[in-house]
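Chain residues, written in single-letter form:
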Amino acid sequence: MKRVIHWFRRDLRITDNTALSEATRRAEQVIPVFILEDAFRTGPDMGAARLAFLLQSLESLRENLAELGHRLIVRRGKSPEVLPRLCAELGAEAVFANKRYEPYAEARDQRVFNALNAAGVGFELLKDAVVWEEQEILTQAGKPFTVYTPYSKAWKLKPIPAPRGKLRKPSTTQLPAASIRSEPLPTDADELGHVLKQASTPAGERAALERLGTFMRGPVYEYGANRNLPAVDGTSLLSPHLRCGTIGIRTILAALTKAREAANTPAQRQSCEVYLNELIWREFYLQVLHNFPHVTKGAFRPEYDQLQWSDNQEHLDAWSAGMTGYPIVDAAMRCLNATGNLHNRLRMIVAMFLTKDLLIHWQWGERYFMQQLVDGDLAANNGGWQWSAGTGTDAAPYFRIFNPVSQGEKFDPQGEFVRRWVPELESLPGDVIHRPWEDPLSLGRISYPPRIVRHEEQRPKCLAMFGAVKKSVRP
DNA sequence: TGAAATGTTGGGGCG
DNA sequence: ACGCCCCAACATTTC
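Below: a short report on this structure. (Residues numbered from 1 in each chain as written. Chains lettered and ligands numbered in written order. Predicted model: local features only at pLDDT ≥ 70, side-chain atom pairs only at ≥ 80, totals over all residues.)

### Structural notes on the overall build of chain A
Point 1. Assigned secondary structure in chain A consists of 19 helices and 5 strands.
Point 2. Computed over its C-alpha atoms, the radius of gyration of chain A comes to 24 Å, within 12% of the 23 Å expected for a compact globule of 475 residues.
Point 3. If one aligns the C-alpha atoms of chain A with their principal axes, the spans along those axes are about 75 × 55 × 50 Å.
Point 4. Here chain A, with 475 residues, has 43% of them falling under the buried criterion.
Point 5. A fraction of 78% describes how many contacts in chain A between residues 6 or more apart in sequence connect residues 24 or more apart. (Helix = DSSP H or I, 4+ residues; strand = E, 2+ residues; numbered from the N terminus. Rg over C-alpha atoms; globule rule 2.2 N^0.38 Å. Buried ≥ 20, exposed ≤ 12 C-beta atoms within 10 Å, placed from the backbone. Contact = placed C-beta atoms within 7 Å.)

Right under this line is the structure:
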């Protein structure tokens, strides 16, 4: 082929990019394109933190392309309308893109295919975001897995593919004419207000690769123990990059394999294995989403759609604002609100608290996370919430209820994380910081809110709520 | 990738 | 010396 488009979506990088390297292999000229869809603005499912991260990643992609002599063409509108027009304008014979797995994205891609097909333009969708797609790992019976452990065993039996290469410089004659229109990216001023500048995770492909290197040189070897401690820098911090594709999964796996080979002790190798499992969880939930799309509408196990959740708006507001009176919950929510990032252990704690202490529907939490999180991703977020609520695939059984005090004491033993995010509790000693109501000295001296509910009262209510459904299913 | 309730054991205080 | 009680420490069961 003479000339094709590479359509960037959640793959904002120039190395280890399957569709991009396929396009350059099969065509003489590849024109990089990004489309600012209407959904590319803040709304119920997209908060300013993630939008800012995406825009910065996009800007960085444009710079990386420009360094190699490529010009990113940006257009606004609906992709099924924009792409055929752009192809006609550029004389492009095909559009290359990396496959997406969310139901709404697949429906959109179908419309794009129809529109391009009608215009006589090819549409090539390639596997890139995952190692194994939804139909590539199945049970012996040929069905999708709904339990993680056997899924991960099957995953690990298969070979790990090598990363794709880096985009090369085109010959100068290949550059698209400067006359081709490209829209400016939205900035601070027009869409995001003050938020854009304060994103806490450095965006862009270079930042992602640097973080990968840092993580694989040290923290990965302590991951098994440290990943549960929110006060410690023990996690990869790569999830925002995986979310918008500023790093490729094969690149991470290659680095992890190297790190495991360099490990000195069995414990270090085990830590590498624990991190690998987290990457497999990501693919597990992506295949769950594709094979069971009803999880976006309700519980994976439909009987749990009958649960009688609470509709207490004040409780939801207190949870969202980090004003529940439970220090580890409030520290977590304030951190989320301020940075758009939340440690996984804290996600479990606040999700359990919303669903099993406040008895509020997990979908309210799912939506709030989606709006706040920089790494907010439908598959992982939905899977995580259904896991915590006990309604999902391979979920925590409904009677597994975290105690917010003991979770705090176990995973933030010095109260370091709490002090960082809840200044009212700064002066409390470590032995009461997770239960300030028991400290007679601090009562009346600090302005921290009292508990909005008592865990020991809510736990039996939660068991009763689930018990009612269990009874109605098996009369 | 639990926590609470319940059961069991054994040491020590004490009459 | 002995039985009794308390309770920590640990194990098992239950939610």
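### Things to note about the pairing of strand β1 (residues 3–8)
Point 1. Of all 6 residues in β1, 5 are buried; the element is thus mostly enclosed.
Point 2. Two strands pair when backbone bridges link them, and β1 and strand β2 (residues 29–36) are joined in this way by 6 bridges, in the parallel orientation. When the bridges of β2 are listed, Val4 appears paired with Val30.
Point 3. A crossover links β1 with its parallel partner β2, the connecting element being helix α1 (residues 18–26), and its sense is right-handed.
Point 4. Bridge count between β1 and strand β4 (residues 94–98): 3 bridges; the pairing is parallel. Across the sheet, residue Val4 finds its bridge partner in β4, namely Ala94. (Pairing = 2+ DSSP bridges. Right-handed = clockwise from strand over helix to strand, strands pointing away.)

### Re the packing of helix α10 (residues 249–261) against helix α11 (residues 266–291)
Point 1. Viewed as axis vectors pointing N to C, α10 and α11 meet at an angle of 165°, and their least axial separation amounts to 9 Å. Considering the angle they form, α10 stands roughly antiparallel to α11. Crossing angle aside, the handedness with which α10 passes α11 is left-handed. Across from Ile252, Leu256, Ala259 and Arg260 in α10, the residues of α11 making contact are Arg269, Cys272, Tyr275, Leu276 and Leu279.
Point 2. Of the residues contributing to the contact of α10 with α11, the split by class is 7 nonpolar, no polar and 2 charged. (Axes fitted to C-alpha atoms, helices over the stretch in contact; angles between N-to-C directions. Parallel < 35°, antiparallel > 145°, perpendicular 65-115°, else oblique. Left-handed = near helix turned anticlockwise from the far one by under 90°. Nonpolar A, V, L, I, M, F, W, Y, C, P; charged D, E, K, R; others polar.)

### Some remarks on the protein's contact with DNA strand B
Point 1. Contacts to DNA strand B come from Tyr148, Trp281, Met348, Ala396, Phe399, Arg400, Ile401, Phe402, Asn403, Ser406, Gln407 and Arg459.
Point 2. Partitioned by chemical class, the residues of the surface near DNA strand B number 7 nonpolar, 3 polar and 2 charged. (Near = placed C-beta within 6 Å.)

### A look at helix α14 (residues 344–357)
Point 1. Here α14 is 14 residues long and its end C-alpha atoms lie 19 Å apart, about the 20 Å a rise of 1.5 Å per residue gives.
Point 2. By the criterion of burial, α14 is predominantly enclosed, with 12 of the 14 residues buried.
Point 3. All of the buried residues in α14 are Arg345, Leu346, Arg347, Ile349, Val350, Ala351, Met352, Phe353, Leu354, Thr355, Lys356 and Asp357. (Expected span 1.5 Å × (residues − 1).)

### Overview of the sheet that holds β4
Point 1. Strands sit in the order β3-β2-β1-β4-β5 across an open sheet of 5 strands; the sheet is parallel. Across the chains shown, the open sheet's two edge strands, defined by having one partner strand only, are β3 (73–76) and β5 (122–126). The average undirected angle you get between the axes of adjacent strands in this sheet is 30°.

### Some points on the environment of Thr24
Point 1. Along the chain, Thr24 falls in helix α1.
Point 2. Linking Thr24 and Pro44, residues 20 residues apart in sequence, is a C-alpha distance of 37 Å.
Point 3. Contact partners of Thr24, with chain neighbours within four places excluded, come to Val30 and Leu167.

### Re the nonpolar core
Point 1. Core analysis: the largest hydrophobic core is formed by 81 residues, its most contacted members being Ile5, Val33, Val95, Ala332, Ile349 and Val350.
Point 2. The greatest single-element share of this core, amounting to 9 residues, is contributed by helix α2 (residues 48–67).
Point 3. Those residues in contact with Val350 that sit more than four places away from it in its chain are Val329, Ala332 and Met333.
Point 4. Residues Tyr101, Ala259, Leu279 and Val288 belong to the second largest nonpolar core, which totals 36 residues. (Core = buried A, V, L, I, M, F, W, Y, C linked by C-beta atoms within 7 Å.)

### Structural notes on the pairing of β2
Each regular strand shows side chains that alternate between the opposite faces of the sheet.
Point 1. Counting buried positions over the 8 residues of β2 gives 8, a clear majority of the element.
Point 2. Side-chain alternation along β2 places Gln29, Ile31, Val33 and Ile35 on one buried face and Val30, Pro32, Phe34 and Leu36 on a second face that is also buried.
Point 3. Bridge count for β2 against β3 is 4 bridges, and the pairing is parallel. Directly across from Leu36, in β3, lies its bridge partner Arg76.
Point 4. In this fold, β2 hands off to α2, which returns the chain to β3; that crossover is right-handed.

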